[in-house]
Amino acid sequence: MSRKTHVSSKDPFINPVYINWLNMLCELISPKDLILLAGRGAAKTDIFAQRSQNVIYDMPHSQQVIVSDTYVNAAKNIVPTLFEGWARKGWIHGRDYVTDIRPPKHFKNCYKPTDSFKHTISTKVGVRLILGSLDQPSGLAGNSFQHMYGDEGRLLNFVKLKKLEPAIRGEHASFQHSVYYRGRTFLSDNPNILQGDFDWMLKREKDMNIEQVKAALECGKILNEIKCELYNAQMDRDAKKAELLLKQIARWTEKWIRIRKDSTFFYMVSSMVNADVLQEGFFRDTFNALGIEEFKSAILGFKSELKKGEKFYGNLGEHHFYDDGVITEYYSKFSLTDEIEESSLALRYIDHNAKLEGGMDFGDMCSLVMAQPRGNYLYCHKEFYTLAPENEIQMAQKFREFYKYHKVKILDLYYDRSGNQNASTKRDWANAVKNAIEWENGSSTGWIVNLMSEGQGTIYQDQEFAFAKAFMGETAEGLLKLKIDKFQCKCLKSSLELTKIKLKSFTTTGSRTLYKDKSSESLPLPQRPMYSTNFSDAFKYLIYRRAFVDQVNTHSQFSGMDPGVF
C-alpha cells in the first residue's frame, strides 16, 4: 500500500470535493456520539450534512430527531442550513428527500407507520427525521428515535434535553448493527456563558475514551488507504489485486465497526481549522466586527467569563428569564418550507385585551423592548430593532405587523428625554415614532401611542445602577418582578448580561463615580444588537419610571433616587 493516489479533476470517476482536516477526522473516526465545538466558519454545516447522510444510509427505515431550542429557529435557520449542506453533497429535494408530505411510493418506508408528516423530512431510504423543539419536549419524549441531532447545541437547555433521553430507543433487533444506533450528534459554536449560552457540551469530554478514539482513527486511516489502493487497482484493471483488496476492506471494516461501538468523540477547535478557505481577510473583518472579547469566544474558542462584580446588572439571574413564552401550537400550521408569520398570537404571557408598554432607545440603532404587566410580574415578551439606514418607518412596520391581532391598540412608550429634542440627531424621534405607528400613507392605523417621557429629566447612570439593583434584587415590597423571554428578547438578554461597570476617578477631588461602560456602542452596526449596551438603555427607559422609583424609595434599602421627572 505504498503507492499514492493521484486524482485528476478530469477523471470521469471522480467528483472533487474540498473538506478540511476536521471533516476528515470526523469521517475517519465516525463515533456513535459526536460532540463538536468549533468556531464560526469551521465548516460545521458540511460536517453535519455528511454525518447525517452517513447515519441515514447506515440505518435505513429508522426514525431520527433533529432538536432545536425553538421551532422557529429550527425552521428558519437549522433546517435550511442542513438542506444547503445536503445539496453540496449531491442530495436534491424531491429526489432524495421530501418535507411535510407523504413520501412518494418509490421511497422506502420507515419502520414506524404514521399518518402525520407535519414537520418531518422523509428520505428515499425510508428514514424519517422529525423536527422537535425544547419549548415542548414532552411531545417528543413519548416517541421512539434511533438517533438524535442538535445543531447550535449551545442554545439547548440540558435539563429539557434530558427529558428526551428515554425516547432514544426502539427496534434494537433491526438497528443494533449500526454504530450510530442510539447515538447523538451535537455541533455548536463555542458557548459564550456571558450571553447565557448553555455549556453542557463541555462536560461531555469526560465521556470520551481517548484510546478508543485513537484506535478508531487508526483503523479508519488504514481502511481509507486500502480503498485508495482499490481505486488504483481498478484504474489499472488489475482484477486479481482488486479482489484481494476487497477482502482486506471487509476485514478492516469489521474491525473499524467493532472498535467504534459505544464511542464518543469530543473535540474543540477554533475557526483556524478552516483558515485555508476563510483566509486572512475573514479574521481581520470578523475581529473588527465583533471586538476582542467576542472574537476570542466565537473565533478562537476561548472561554468567556465576566465576574459578578464587573456586571452593571449584578442582580440579574436565571430566575429573571423564562423559556416557555411561545405557544408552539401556533406554528404547527406552518410547513418546513413555508414563510413563517411571527405574531403576538404565539406569545403565552400576553393579554391581547390590555395596552402594551415599550422602552425605546434612539439613534443609528433604535431598540424597542416590549412589555406588559401581568399579575405580580412585568413580562418583557418581545424586542425590535432597526439599523441605519432603516428608520422609524421600518420600526413601526415591524411593530404593527407583529401586533396586528392585538385587540387594544394602545402603546405607552417610555424613552430617552432627548427623544423630544432636536439635539445631535436634529430630529424629534419620539413624535416621529408615534406618527409612524399611528399613521401609514396618510391613513390612521388604529394605534394610539402615549409618549410617557415628555418633560423627564436625565436618568444618571449611578441612579440606574442603584434602581436596577433594587428592582432585580426584588427588595422593594409590592414592586413588580422582572421576567424576560430569553428567546424573543435574546438581544436584550445578551445586552444586560454583557454590560460592565466603569469607574472614573477625579484627581482634583479623589472621588470615584460609577458609570455604565458604553464602549460597545462603537461596534459596527450589525454587531450592536447582540453585543452593545443599546438594548440595556431601552430597558432602562422602560423600567425607570416614577411609579416604580417611588415604590423602591418607599420600601427598599435603596432610597432617595430621583425619579427623573420634573
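Keep in mind the model is a prediction, meaning the values are calculated, not measured. Position labels on residues start from 1 in each chain and follow its written sequence. Reporting of local features is limited, given that this is a predicted model, to residues whose pLDDT is at least 70; pairs of side-chain atoms are given and counted only at 80 or more, and all residues count toward the totals for whole chains, interfaces and linings. As a convention, hydrogens and water are excluded, and side-chain values are obtained from all of the structure's heavy atoms.

Colleague: What exactly am I supposed to notice about the environment of Ala 233 here?
Modeller: A run of DSSP states H or I qualifies as a helix once it reaches four residues; a run of E qualifies as a strand once it reaches two. Both are numbered from the N-terminal end. Take Ala 233: it is sitting in helix α7 (residues 210–235). Each C-alpha atom of the pair Ala 233 and Glu 243 lies 9.4 Å from the other, and the pair is 10 residues apart in sequence. If we ignore the near neighbours within four places in the chain, the residues touching Ala 233 are Asp 238, Lys 241, Ala 242 and Leu 245. Contact definition: two residues touch when any of their heavy atoms are within 4.5 Å.

Colleague: Explain unusual backbone geometry to me, please; I cannot follow it from the model alone.
Modeller: Most peptide bonds take the trans configuration, and most residues that are not glycine carry a negative phi. Each neighbour pair has its own omega, and for Ala 388 with Pro 389 the value is 15°, a cis peptide bond. Turning to its location among the elements, Pro 389 is positioned in the loop between β12 (377–387) and α10 (392–402). With phi around 60°, Arg 182 is a residue other than glycine that occupies positive phi space. With respect to the element layout, Arg 182 can be found in the loop between α6 (172–175) and β7 (183–188). Residue exposure (1.4 Å probe, protein chains only): buried if accessible area is under 20% of the type maximum, exposed if over 50%, otherwise partly exposed. On the basis of relative accessibility, which here comes to 32%, the residue Arg 182 falls in the partly exposed class.

Colleague: Explain the sheet that holds strand β6 (residues 147–150) to me, please; I cannot follow it from the model alone.
Modeller: On the basis of which strands lie adjacent, the open sheet formed by 8 strands has the order β3-β4-β5-β2-β6-β7-β1-β8 and mixed pairing. Only two strands of the sheet have a single neighbouring strand rather than two, namely β3 (97–99) and β8 (264–269). In this sheet, neighbouring strand axes are inclined to one another by 15° on average, regardless of whether the strands run parallel or antiparallel. Pairing geometry for strand β2 (residues 63–68) and strand β5 (residues 128–133), over 6 bridges, is parallel. Opposite Val 67, over in β5, you have Gly 132 as the bridge partner. A pair of strands is labelled paired if DSSP reports no fewer than 2 bridges between them. Throughout, an axis means a line fitted to C-alpha atoms (over the contacting stretch in the case of helices), and angles, computed between N-to-C directions, take values from 0 to 180 degrees.

Colleague: Could you clarify how one ought to interpret the packing of aromatic side chains in this entry?
Modeller: Centre distance and the angle of the planes are the two values used to describe a pair of aromatic rings. Note on aromatic pairs: the rings of Phe, Tyr and Trp (six-membered ring only in Trp) are paired at centre separations within 6.5 Å, and the planes decide the class, stacked below 30 degrees, edge-to-face beyond 60, tilted for the rest. Throughout the structure, instances matching the rule amount to 30 aromatic pairs. Residues Phe 467 and Tyr 544 carry aromatic rings whose centres are separated by 5.2 Å and whose planes lie at 65° to one another, so their mutual orientation is edge-to-face. In this pair, Phe 467 sits in helix α12 (residues 461–473) while Tyr 544 sits in the loop between α15 (534–543) and α16 (546–555), placing the two residues 77 residues apart along the sequence. Owing to a relative accessible area of 1%, Tyr 544 belongs among the buried residues under this scheme. Chaining the aromatic ring pairs together yields one cluster made of Tyr 57, Phe 83, Trp 86, Trp 91 and Tyr 97. The side chain of Arg 260 reaches across the aromatic face of Trp 256, ending 3.8 Å from its centre. Definition used: whenever NZ (Lys) or CZ (Arg) falls within 6 Å of the ring centre and also within 35 degrees of the ring normal, the charge is taken to sit over that ring. If you follow Arg 545 out to its NZ or CZ, it ends over the ring of Phe 548, 4.4 Å from the centre.

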